[in-house]
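Each chain, letter by letter, is given below.
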Amino acid sequence: MEELRELSGAERDAYFRGVHPIWGGGLSEDRFIAFQRRLAEACEAGERHRLIGLFEGSRLLAAMKAYDLRGTCAGKPLNILGVGAVFTPPVLRRRGHARRMLELAIADHASRGADAAILFSDIGTAYYQRLGFRPLRSEECTADSSDLPRSGAQDAVPADEAGLTRLFARSRANNGDLTLARDGWVLRFQLRRLRELARARGVAEPEWGIAVRDQGGEGAAMVRMARDAIDVLDAAWTSEGARDALLARLREVLVRSGRHRIRLWPSHQLRGLFPAHPRASALAMVAPLRPGVVVSASGARADLALLDHI
Ligand SMILES: CC(C)(COP(=O)(O)OP(=O)(O)OC[C@H]1O[C@@H](n2cnc3c(N)ncnc32)[C@H](O)[C@@H]1OP(=O)(O)O)[C@@H](O)C(=O)NCCC(=O)NCCS
């Protein structure tokens, strides 16, 4: 008899070990497991980030991360199940375990009030389309340091959580496209992730939040150091001067860290700044979980920032 339930400590470790070759991000297995364990146990994870699996007795058949998110589409609020890191152990693949787990997780969340489910696929779109998900337009932008303004960073300081929350909330596009809320939890969880990642990498705390201010306004960005680039997870500003100051600050961070480009997803105020190209992975997909709920049509634009890919 199969059942869906949360993973215990030892089951979590087995899951982390399984996904390490895929999503380990260059960390050794031990460091990756310690990182994932600390994140799962962090108070920021709370009730809104769970590790669940499909079991047959005590045997783990497939596992995933389930996020409890908020969002809007067509101006209507949505409770959203975020699906992440779907994994079946290699020897158990192609027997429908992942499909069954997703179906049960979706039914369970729908019965508890979820309106929609969202995921970012690394295996194309066909598999998840068969489960009722629709592909959304998925693009990314990269900009070289030479594309960023040189001056403007008058007053740059590390950003705090409250400042990031306030500016990001203000910058939401509200154009009817599907978007995920920046409620305090999402930022807090992502900040915890960045701190734990820095710790796992054994580096001193990097700059993950940047705040700037000039006479006319303020701006802030949340960033992550990737191997070859700096990922701008989200950014917002209240004036063009503050935007340029923020971009100039990002340029300085690039130069100082020996990286050459920034990467971001075009959304909210970040849309239209740099040319956007279709991206090959983390393809955004959404599924309505009950009749009558409005979610984007196939191929529609979505206002999702890199930060939403938690
Ligand atoms: C993807 C994965 C979870 C599927 O688990 P599973 O229990 O074998 O899934 P199911 O039995 O329900 O479905 C198997 C189908 O998944 C699809 N699939 C699996 N891997 C795929 C890939 N890399 N690209 C495209 N489709 C893929 C195929 O349609 C496959 O059927 P087929 O081999 O007969 O064509 C599993 O292969 C896995 O853990 N892969 C590594 C982690 C990963 O990439 N996860 C997905 C992240 S978005």
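So, how was this worked out
Residues numbered from 1 in each chain as written. Predicted model: local features only at pLDDT ≥ 70, side-chain atom pairs only at ≥ 80, totals over all residues. Helix = DSSP H or I, 4+ residues; strand = E, 2+ residues; numbered from the N terminus. Rg over C-alpha atoms; globule rule 2.2 N^0.38 Å. Buried ≥ 20, exposed ≤ 12 C-beta atoms within 10 Å, placed from the backbone. Contact = placed C-beta atoms within 7 Å. Near = placed C-beta within 6 Å. Expected span 1.5 Å × (residues − 1). Arc of directions from axis to C-beta. Axes fitted to C-alpha atoms, helices over the stretch in contact; angles between N-to-C directions. Parallel < 35°, antiparallel > 145°, perpendicular 65-115°, else oblique. Left-handed = near helix turned anticlockwise from the far one by under 90°. Nonpolar A, V, L, I, M, F, W, Y, C, P; charged D, E, K, R; others polar. Pairing = 2+ DSSP bridges. Right-handed = clockwise from strand over helix to strand, strands pointing away.

Enquirer: I would appreciate a short explanation of the overall build of the protein in the present structure.
Expert: Counting its secondary structure elements, the protein contains 7 helices and 16 strands. The C-alpha radius of gyration computed for the protein amounts to 20 Å, which stays within 12% of the reference 19 Å derived for 310 residues, consistent with globular compactness. Looking at the 310 residues of the protein, the share that counts as buried comes to 41%. Looking at the protein alone, contacts between residues at least 24 apart form 73% of all its contacts between residues at least 6 apart.

Enquirer: Would you mind going over the site of the ligand with me for this structure?
Expert: Taken together, 17 residues lie around the ligand, and Thr 88, Arg 93, Ala 98, Arg 99 and Ile 123 are the ones closest in. Put simply, the parts of the chain that give the shell around the ligand at least two residues each are β4 (76-87) and α3 (97-111). With 3 residues, the top contributor of residues to the shell around the ligand is α3.

Enquirer: Can you walk me through α3 in this structure?
Expert: Within an α-helix, residues lying three or four positions from one another point in the same direction, as the helix has 3.6 residues per turn. The end-to-end C-alpha distance of α3, which contains 15 residues, comes to 21 Å, matching closely the 21 Å that a straight helix rising 1.5 Å per residue would cover. Residues of α3 that are buried: His 97, Ala 98, Met 101, Leu 102, Ala 105, Ile 106 and His 109. One face of α3 carries all of its buried residues, which in axial projection span an arc of 160°. Looking at the buried positions of α3, the neighbouring elements they touch are β1 (2-6), β2 (49-56), β3 (59-73), β4 and β5 (116-121). One or two residues past the end of α3 sits Gly 113, with phi positive at roughly 105°.

Enquirer: Where do I start with unusual backbone geometry in this structure?
Expert: With glycine set apart, most residues show a phi of negative sign, and most peptide bonds adopt trans. One non-glycine residue with positive phi stands out, namely His 268, at about 45°. Assessed through the 22 C-beta atoms surrounding it within 10 Å, His 268 is described here as buried. The phi dihedral of Ala 282 falls on the positive side, at around 50°, and the residue is not glycine. As for its placement among the helices and strands, Ala 282 is situated in the loop between β14 (277-278) and β15 (283-288). According to the C-beta neighbour criterion, Ala 282 is partly exposed, with 16 such atoms within 10 Å.

Enquirer: So what exactly am I meant to see when it comes to the packing of helix α5 (residues 161-170) against helix α6 (residues 184-201) here?
Expert: The relative placement of two packed helices comes down to the angle between their axes together with the axis-to-axis distance. Between α5 and α6, whose axes approach to 10 Å, the crossing angle comes to 135°. With respect to each other, α5 and α6 are oriented oblique. Pair α5 / α6 crosses with right-handed handedness. Contacts from Glu 161, Leu 164 and Thr 165 of α5 reach α6 at Gly 184, Leu 187, Arg 188 and Leu 191. In the contact of α5 with α6, the residues fall into 3 nonpolar, 2 polar and 2 charged.

Enquirer: What am I meant to see in the environment of Leu 270 here?
Expert: Here Leu 270 is to be found in the loop between β13 (261-264) and β14. Sequence separation between Leu 270 and Ala 116 is 154 residues; the distance between their C-alpha atoms is 25 Å. Beyond its immediate chain neighbours, meaning those up to four positions away, Leu 270 contacts Ala 235, Leu 264 and Ala 305.

Enquirer: Any chance you could explain the pairing of strand β12 (residues 229-237) here in plain terms?
Expert: Put simply, side chains in a regular strand alternate between the two faces of the sheet. β12 sits mainly inside the fold: 7 of its 9 residues count as buried. By the bridge criterion, 7 bridges tie strand β11 (residues 217-225) to β12 in an arrangement that is antiparallel. Looking at the pairing, Arg 224 lines up with Asp 231 of β12. Taking the residues between adjacent antiparallel strands as the criterion, β11 and β12 are bridged by 3 residues. Where β12 meets β13, 3 bridges bridge the pair, whose relative direction is parallel.

Enquirer: Is there a simple way to think about the packing of helix α1 (residues 9-23) against helix α2 (residues 29-41) in this case?
Expert: Running from amino to carboxyl end, α1 crosses α2 at an angle of 130°, the nearest separation of the two axes being 9 Å. When the axes of α1 and α2 are compared, the pair comes out oblique. Between α1 and α2 lies a crossing of right-handed hand. Here Arg 12, Asp 13, Phe 16, Arg 17 and His 20 of α1 come into contact with α2, specifically with Glu 29, Phe 32, Ile 33, Gln 36, Arg 37 and Ala 40.

Enquirer: Quick question: what am I supposed to make of the environment of Ala 105 here?
Expert: Looking at where Ala 105 falls in the secondary structure, it is placed in helix α3. On a C-alpha basis, the gap between Ala 105 and Val 83 in space is 9.2 Å, while along the polypeptide they are 22 residues apart. Leave out the neighbours within four places in its chain, and Ala 105 touches Leu 4, Ile 52, Met 64 and Ala 66.

Enquirer: I tried to follow the pairing of β4 on my own but got confused; where do I start?
Expert: Bridge analysis of β3 against β4 gives 10 bridges, and the strand direction is antiparallel. Opposite Thr 72, over in β4, you have Pro 77 as the bridge partner. Connecting β3 to the next strand, β4, in antiparallel fashion are 2 residues, including Ala 74 with a positive phi near 50°. Relative to β5, β4 runs parallel, the two sharing 4 bridges. Note on β5: the bridge partner recorded for Val 83 is Leu 119. Read from β4 through α3 to β5, the crossover connection turns out right-handed.

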